[in-house]
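The primary structure of each chain is shown beneath.
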Amino acid sequence: MATCYMDGRYAPFSECMIPVTDMALQRGVAVFESIRIYDRKLFAMEMHLGRLAQSAAGAGIEATEILAALPDVIRGGLCAKDCPVDGLVKPYLTGGDINARGRFPKPRFFVIFDEFKKTSEEERRAGAALVPNLRERPFPLFKSTNYLFGLIPLATSADGTHESIYMPDGEITESMTNNFFLCKEGRIITAPVGRVLDGVTRRVVIDLACEDGITVEERCPLVSELKEADEAFITGTVNEVLAVTRIGEQKVGSGKPGRMTERLYRLFLDNVERRLTN
């Protein structure tokens, strides 16, 4: 079950279209968010919409009026008959048809309310395998729709690879759709905002870790530290907290999900309710 809001109404996907002249298609100018729905409630909506505003500003998309209207549009969509009980809300802001020297004064927007493929119990038990991507993620401070450079390494990766992970110049920053954490000697290490996207789940997990007495280091883990790591995990809207057991040919820790990952996943699930709104 799914629906889309566009041009003032909620409608099936087949009735929602953008023209070929839109800068999203012409130049890849578009930003978006993925907000998790738990039992028809929204997870950390204000945090997500705040980041969407920052993404729009970074991309030159002038969307003040749209951003002001989005909370009501999203809440209205939750009441639509085709909105999933557990799923994703994905608001998109496109560049529209006008490119004013890198400013986009007439953006379009649409909001998708859709189901998604949850992380399987098999992958939770086995952990995720990631393929190295030796590039730096372009423009990490905003959430662009352009995932091309993250997708390219997957074309030649082994079956079962979860996604690619950015590892420029001997550092580890983030994976294609998740933030990355390395666990070493009882502490967790993750790249700082600026080198990576300010992930909403990342921020929640860091807060929960600190509340639980876990030391958090915000620096880029080194590729050379992988062989010394006890374990690793990724965080994101869809995967929540998911163990990483292999990166390329390098086994991480024991090659199985570890205790720190399980501890933080339990903490996350136990505290989801704190950040849900209608």
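Scroll up to find the structure this text is about.
Residues numbered from 1 in each chain as written. Predicted model: local features only at pLDDT ≥ 70, side-chain atom pairs only at ≥ 80, totals over all residues. Heavy atoms only, no water.

### Describing a nonpolar patch on the surface
To be explicit about the condition: The patches described consist of residues with a relative accessible area above 30% and no salt bridge, like charges being joined within 9 Å and nonpolar side chains (Val, Leu, Ile, Met, Phe, Trp, Tyr) within 5 Å. Here, Shrake-Rupley sampling with a 1.4 Å probe gives the accessible areas, and only protein chains in the shown set may cover a residue. A side-chain nitrogen of Lys or Arg and a carboxyl oxygen of Asp or Glu constitute a salt bridge if their distance falls within 4 Å. Labels follow the DSSP assignment, with helices taken as runs of H or I lasting at least four residues and strands as runs of E lasting at least two, numbered in each case from the N terminus. Relative accessibility thresholds used throughout: buried, under 20% of the residue-type maximum; exposed, over 50%; partly exposed, between the two (1.4 Å probe, protein chains only).
On the surface, Leu-148, Phe-149 and Ile-152 cluster together into a nonpolar patch covering about 260 Å² of accessible area. Note that Ile-152 resides in the loop between α5 (148–151) and β9 (161–166). Given the relative accessible area of 44%, Ile-152 is considered partly exposed.

### Re the side chain of Asp-198
Selection criterion: In protein, a polar contact means a hydrogen-donor-capable atom and an acceptor-capable atom, both N or O and within 3.5 Å, with residues adjacent in sequence counting only if both atoms are side-chain atoms; elsewhere, any N or O pair within 3.5 Å suffices. Residues are treated as being in contact if the distance between any of their heavy atoms lies within 4.5 Å.
Take Asp-198: it is sitting in the loop between β11 (187–190) and α6 (200–211). We classify Asp-198 as buried; its relative accessible area is 19%. A polar atom in the side chain of Asp-198 sits 3.1 Å from the side chain of Arg-203. Once you skip the residues sitting within four places of it in the chain, Asp-198 turns out to touch Arg-51, Val-193 and Arg-203.

### Topic: the packing of aromatic side chains
Quick reminder of the rule: Between the rings of Phe, Tyr and Trp (Trp by its six-membered ring), a pair exists once the centres lie within 6.5 Å; its type follows the angle of the planes, with under 30 degrees stacked, over 60 edge-to-face, and the other angles tilted.
The full count for this structure, using the stated rule, is 10 aromatic pairs. Summarising the aromatic geometry, the rings of Phe-32 and Tyr-147 are spaced 6.2 Å apart at their centres and angled 55° between planes, so their arrangement reads as tilted. In this pair, Phe-32 is assigned in strand β3 (residues 30–32) and Tyr-147 in the loop between β8 (128–133) and α5, connecting sequence segments 115 residues apart. Judged by relative accessible area, Phe-32 falls into the buried class, the value being 7%. One aromatic cluster is present, formed by Tyr-5, Tyr-10, Phe-109 and Phe-113 through successive ring pairs.

### Points about the pairing of strand β4 (residues 35–38)
Keep this limit in mind: Whether two strands pair comes down to DSSP finding at least two bridges between them.
Along β4, one buried face is formed by Ile-35 and Ile-37 and the opposite face, lined by Arg-36 and Tyr-38, is buried too. Sheet topology places β4 next to strand β6 (residues 87–94); 3 bridges connect them, and they run antiparallel. Opposite Ile-37, over in β6, you have Gly-87 as the bridge partner. Across 2 bridges, β4 lies against strand β5 (residues 41–43) in antiparallel orientation. What sits directly across from Ile-37, in β5, is Leu-42.

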